[in-house]
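# Descriptive analysis of the structure
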Amino acid sequence: MSGSLTPIMKAGIAFAYIGGLGFLAAGTYLSIRHRRLHPLLLLCLSAISFSWIEAPYDWAMYAQFAPAIPRMPSWWPLNKTWHGLPSPVPPGYISYFVLPALIGTALGRWTSARFHWRRPIALLSVGLVVGFVWALCFNAILGARLGIFHYGKVIPGLALFEGSTHQYPLYDALAMGVQMMVFTYLLGRTDGEGRTVIDTWARTVTTNRIGASILSVVAVVVLGNVLYGAVFAPHLAAKIQGWETAGPTDQLFPGIPNQPR
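What counts and how
- Residues numbered from 1 in each chain as written.
- Predicted model: local features only at pLDDT ≥ 70, side-chain atom pairs only at ≥ 80, totals over all residues.
- Heavy atoms only, no water.
- Helix = DSSP H or I, 4+ residues; strand = E, 2+ residues; numbered from the N terminus.
- Expected span 1.5 Å × (residues − 1).
- Buried < 20%, exposed > 50% of the residue type's maximum accessible area, 1.4 Å probe, protein only.
- Axes fitted to C-alpha atoms, helices over the stretch in contact; angles between N-to-C directions.
- Parallel < 35°, antiparallel > 145°, perpendicular 65-115°, else oblique.
- Left-handed = near helix turned anticlockwise from the far one by under 90°.
- Contact = heavy atoms within 4.5 Å.
- Bend = angle between axes of the 7 residues up to and from the residue.
- Polar contact = N/O pair within 3.5 Å; in protein donor to acceptor, adjacent residues only side chain to side chain.
- Core = buried A, V, L, I, M, F, W, Y, C linked by side-chain atoms within 4.5 Å.
- Salt bridge = Lys/Arg side-chain N within 4 Å of Asp/Glu carboxyl O.
- Phe/Tyr/Trp six-rings, centres within 6.5 Å; stacked < 30°, edge-to-face > 60°.

## Brief notes about helix 6 (residues 170-188)
- Under the 1.5 Å per step criterion, the end-to-end length of helix 6 is 26 Å for 19 residues, consistent within 8% with the ideal 27 Å.
- Of all 19 residues in helix 6, 15 are buried; the element is thus mostly enclosed.

As structure tokens, this is what we get:
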């Protein structure tokens, strides 16, 4: 890979590693302290488990990263990202999905108390809005606008800055908002003892603490992967159908060919 890391790229990499490891450490600490799996740890495990879908997601979205960013080994399906999947992606998924879930949970609980909304409705509604705005700011501004990554092709009429190097597909923000909406619900919808709906379900299956913990981990990992696969499916359909046709003719990054159709 050529080029050098810009300050914004270094900040993005730091956010991925420091934020991801920090949330994981915090979730582990809280789990040990409370002697049960904390919702924060469950979300961390779920987020990193479906980070592999980023590569086929990039391929379907014509997403391409700056060549200076370190890459993962060229293994399938990680090699689906054009010119390689960045190595900060796995820990970065924890930061990217858990932070807005924490924000959404705090705002959702406040909204529920302030306007007397049912907590599930408040968490889902606020989580969707926070997730959409987060993805819009992070991907459209920090990503596409500041050059960490670019989208080579978008669906006409559904993107910001359409036709330019900095174009951003709004349907990406909606997809990420849905994922973060569910994460907000899982983090904020707890019982009096702080157990998530998944943990509560696991304890109805088995009374064994270790067995219930294993079931909770498996369930949240499966849920995360299925949900991310569901929000990825429309993008895959758009890619296969050839609906993404708008984009710049110039190379997104000098010396690196754009992803072909």
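Okay, back to it.
## A few points about the packing of helix 1 (residues 7-34) against helix 4 (residues 89-115)
- Between helix 1 and helix 4, the shortest axis-to-axis distance is 7 Å and the interhelical angle comes to 65 degrees. In this view, helix 1 runs roughly perpendicular relative to helix 4, as classed from their interaxial angle. Handedness of the crossing formed by helix 1 with helix 4: left-handed. Side by side, helix 1 and helix 4 meet where Phe15, Ala16, Tyr17, Gly19, Gly20 and Phe23 of the first sit next to Pro91, Gly92, Ile94, Ser95, Tyr96, Val98, Leu99 and Leu102 of the second.

## A closer look at helix 8 (residues 209-241)
- Its 33 residues place the ends of helix 8 48 Å apart at the C-alpha level, agreeing with the 48 Å of an ideal helix rising 1.5 Å per residue.
- Most pronounced at Phe232, the bend in helix 8 amounts to some 30 degrees, and the proline Pro234 follows within four residues.
- Where helix 8 begins, the side chain of Asn208 points an oxygen toward the backbone nitrogen of Ile210, at a separation of 3.0 Å.

## Some thoughts on the nonpolar core
- Ranked by size, the top nonpolar core spans 61 residues in total, and within it Phe50, Tyr96, Phe97, Tyr151, Met176 and Tyr228 carry the most contacts.
- Counting residues per element, this core draws most heavily on helix 6, at 10 residues.
- Not counting the four nearest positions on each side in its chain, Tyr228 is found in contact with Phe50, Ile53, Glu54, Tyr57, Tyr93, Phe97, Met176 and Gln179.

## Focus on the environment of Leu236
- Following the sequence through the fold, Leu236 ends up in helix 8.
- Separated by 46 residues in the primary sequence, Leu236 and Thr190 place their C-alpha atoms 34 Å from one another.
- Once you skip the residues sitting within four places of it in the chain, Leu236 turns out to touch Trp59 and Ala60.

## Side note on the environment of Leu186
- Within the element layout of this structure, Leu186 appears in helix 6.
- The buried category is assigned to Leu186, whose relative accessible area is 7%.
- Along the chain, Leu186 and Leu128 lie 58 residues apart, while their C-alpha atoms are 13 Å from each other.
- Look past the residues within four positions of Leu186 in its chain and what remains in contact with it is Pro39, Leu43, Thr196, Val197, Ile198, Val220 and Leu223.

## Observations concerning the pattern of salt bridges
- Applying the stated criterion to the full structure yields two salt bridges.
- Close ionic contact of Asp199 with Arg195 constitutes a salt bridge, the shortest N to O distance being 3.8 Å.
- Of the residues examined, Asp199 reaches a relative accessible area of 5% and is grouped as buried.
- The exposure class of Arg195 is buried, given its relative accessible area of 18%.
- The partner of Arg203 in a salt bridge is Asp199, with the nearest N and O atoms 3.7 Å apart. Of the two residues, Arg203 and Asp199 are both situated in helix 7 (residues 197-205); the distance of four residues between them amounts to about one turn of the helix.
- Owing to a relative accessible area of 28%, Arg203 belongs among the partly exposed residues under this scheme.

## Describing the side chain of Thr184
- Secondary-structure assignment places Thr184 in helix 6.
- Thr184 sits in the buried class, given a relative accessible area of 0%.
- Reaching out from Thr184, the side chain makes a polar contact with the backbone oxygen of Met180 at a distance of 2.8 Å.
- If we skip the residues at most four places from it in the chain, Thr184 touches Pro100, Ala101, Gly104, Thr105, Leu123, Gly127 and Arg189.

## Things to note about unusual backbone geometry
- Of note, the amide linkage connecting Trp76 to Pro77 takes the cis form, showing an omega dihedral of 0 degrees.
- With respect to the element layout, Pro77 can be found in the loop between strand 1 (63-65) and helix 4.
- The backbone of Tyr62 shows a phi angle near 60 degrees, a positive value even though the residue is not glycine.
- Mapped onto the fold, Tyr62 is located in the loop between helix 3 (54-61) and strand 1.

## Focus: the packing of aromatic side chains
- Throughout the structure, instances matching the rule amount to 21 aromatic pairs.
- Plain terms: the ring middles of Tyr93 and Tyr228 are 5.9 Å apart, the flat faces sit at 75 degrees to each other, and that makes the pair edge-to-face. Of this pair, Tyr93 sits in helix 4 while Tyr228 sits in helix 8, and the two are 135 residues apart along the sequence.
- The buried category is assigned to Tyr93, whose relative accessible area is 6%.
- For Tyr228, a relative accessible area of 1% gives the class buried.

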